[in-house]
Amino acid sequence: MTVWYVLSAFALIMVATGLLYWVLVNGMYREDLHDLKDNLENASLLLGAPGRPHGAASPFGASRVRGHRPDIYVRVLDSNGRVLIATPGLSKQLPVPTKAELAAIPASGGTGRQILSRQGEPFLTLIAPIAGAQPRFLEIALDRAHDEFLLARYRERLWVVLGVSLVLCAIVGFLIAQGGMRPIERISRTAGRIGATTLHERISTDGLPRELRGLAETFNSMLDRLEQSFAHISQFSDDVAHELRTPINNLRGEIEVALGKRRSAEEYRDVLGSCFEECTRIARLIRTLLFLARSDTAADALQREPLEVGEELATVGAFYEAAAGEGGVRLRLESAPGLRAELDRTLLQQAIGNLISNALAHTPPGGAVELSARANGQGIVITVADSGCGIAPQHLPHVFERFYRIEQSRPSSQQNAGLGLAVVKSIVSRHGGRVEIESRVGEGTQVRLIFPASAPGTSEELTKS
Ligand SMILES: Nc1ncnc2c1ncn2[C@@H]1O[C@H](COP(=O)(O)OP(=O)(O)OP(=O)(O)O)[C@@H](O)[C@H]1O
Ligand SMILES: [Mg+2]
């Protein structure tokens with residue numbers, strides 16, 4: 001940053017001083033030329049004036065035309081380049097123009113010529129023909145040694161100014177860069193300190209410049225999300241450990257009791273049967289957890305295939321027919337014919353199965369569970385509605401959370417892990433859809449799965465239900 005600042009600032013100063021110098025040099029040259037032209041004109045008028053002999057020395061006095069420029073010299077030449085009259089010493093200093101050079105000079109006068117004298121001093125000369133019978137030329141020369149001296153002094157000072165500016169630019173650039181970097185260093189120090197155990201720390205935005213405040217706030221909101229996810233994950237691991245501990249303790253207890261004394265073959269069979277059931281439950285729980293974990297990372301790709309949604313509903317419904325009959329619940333199916341969608345068959349059946357199993361578990365005998373599918377503007381809507389006990393409003397926002405069970409104390413809830421709706425939500429999200437739930441206590445519950453009309457490609461983003 002410092003190097004770039006110094007380079008750009010110094011380049012600007014260089015350009016500015018160079019431009020000023022060029023303007024000065026040009027201005028001095030133009031002024032000299034102007035002076036010279038003035039003098040040439042006056043002298044030409046005098047020399048060309050009637051009654052005054054051409055070539056007489058009188059108009060020049062002691063070599064000065066106007067007197068106030070002591071560095072102006074004059075000479076009169078004939079067309080062969082012979083000097084007729086000249087300011088003393090001039091011809092020794094400046095070479096005389098050749099005949100060819102004189103012949104090339106237009107009637108209106110030549111342009112300024114910069115030449116070096118024999119002593120190496122810079123001169124500006126101007127030649128013009130004198131009006132008269134014989135061709136004569138008036139050459140007027142200006143010694144620019146003083147100008148050159150002034151310019152040389154100016155250049156010397158410019159170099160000093162440039163040197164000082166370079167040093168100042170470096171110091172200022174360094175201070176600016178340091179000042180600018182300090183808040184970034186502060187942010188990076190805080191960020192470097194934050195680890196898994198200090199996720200609550202935030203970057204203070206006090207005193208940060210406006211440009212960096214946005215960065216710090218983005219960083220802080222990222223930390224908020226990370227902290228939330230961390231809390232979520234550790235809560236989830238807690239729940240998993242807790243859920244696995246109970247059946248494994250049961251298993252151990254049963255085995256311990258069975259091993260306590262010698263038992264009959266019948267008793268051993270009973271214990272083994274009960275252990276087998278417990279193991280099956282643990283295996284199911286682990287399978288579900290694994291499914292949810294994989295869904296989170298979208299590790300398994302969906303096996304989409306064109307499905308007749310009504311047929312799938314009927315298949316799953318038929319599977320639960322017997323259970324519904326046992327519980328005295330009517331299972332009704334209503335689906336628009338020809339409703340097709342590209343979905344993963346196994347996952348769709350699992351989601352519908354979870355919903356029907358919930359509905360049957362919460363609907364008293366004499367009630368009804370209705371399965372329906374229809375298309376709306378957004379896509380395909382599959383609804384599972386029951387006339388059961390309903391869910392209280394305070395629980396409704398949480399039922400899709402993992403391990404959330406409303407009636408923990410109910411004996412049947414021991415059999416349920418509280419993962420059914422979480423799995424449903426995950427399945428629908430992976431299809432790019434969303435879940436909606438509506439419930440009234442004592443009247444019933446309705447869960448709607450909304451799948452988008454067209455498959456959203458490979459994106460399996462999680463949508464909020
Ligand atoms: N149709 C419904 N009517 C009333 N309550 C319901 C209904 N569906 C779900 N619930 C309540 O929501 C909670 C969460 O349901 P979820 O399906 O996630 O878990 P679960 O059924 O308890 O366990 P799992 O499905 O894992 O065996 C349940 O404890 C249940 O009390
Ligand atoms: Mg369930």
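Just so you know, these numbers come straight off a predicted model, no measurement behind them.

**Student:** Just checking my understanding: could you explain the packing of aromatic side chains for this structure?
**Tutor:** Aromatic rings considered in pairs are described by the distance between their centres and by the relative angle of their planes. The tally for this structure, following the rule as stated, stands at 4 aromatic pairs. With a centroid separation of 5.4 Å and an interplanar angle of 80°, the aromatic rings of F319 and Y320 are classed as edge-to-face. By relative accessible area, which is 67% here, F319 ends up exposed. Taking relative accessible area as the criterion, Y320 reaches 18% and is therefore assigned buried. Just above the ring of F236 sits the side chain of R402; from NZ or CZ to the centre is 5.0 Å.

**Student:** For this particular structure, what's the right way to read the domain arrangement of the protein?
**Tutor:** Interfaces are often sized by the accessible area lost when the parts come together. For the protein, the assigned domains are domain 1 (2-150), domain 2 (213-295) and domain 3 (302-452). The distance between the C-alpha centroids of domain 1 and domain 3 comes to 106 Å.

**Student:** Looking at this structure, how should I read the pairing of strand β1 (residues 72-78)?
**Tutor:** Regular strands place their side chains on alternate faces of the sheet. The element β1 is largely enclosed, with a buried count of 7 among its 7 residues. One ladder, built from 7 bridges, connects β1 with strand β5 (residues 136-143); its direction is antiparallel. Bridge pairing links R75 to E139 in β5. Sheet analysis places β1 next to strand β2 (residues 83-86), joined by 3 bridges and oriented antiparallel. In the strand pairing of β2, L77 is matched with V83.

**Student:** I keep staring at the side chain of D71 and nothing clicks. Help me out?
**Tutor:** By secondary structure assignment, the location of D71 is in the loop between α1 (2-48) and β1. Those residues within four positions of D71 in sequence are excluded, and the remaining contacts are A141, L142 and D143.

The rules we used
- Residues numbered from 1 in each chain as written.
- Chains lettered and ligands numbered in written order.
- Predicted model: local features only at pLDDT ≥ 70, side-chain atom pairs only at ≥ 80, totals over all residues.
- Heavy atoms only, no water.
- Phe/Tyr/Trp six-rings, centres within 6.5 Å; stacked < 30°, edge-to-face > 60°.
- Buried < 20%, exposed > 50% of the residue type's maximum accessible area, 1.4 Å probe, protein only.
- Lys NZ or Arg CZ within 6 Å of the ring centre and 35° of its normal.
- Domains from an automatic or database assignment.
- Helix = DSSP H or I, 4+ residues; strand = E, 2+ residues; numbered from the N terminus.
- Pairing = 2+ DSSP bridges.
- Contact = heavy atoms within 4.5 Å.

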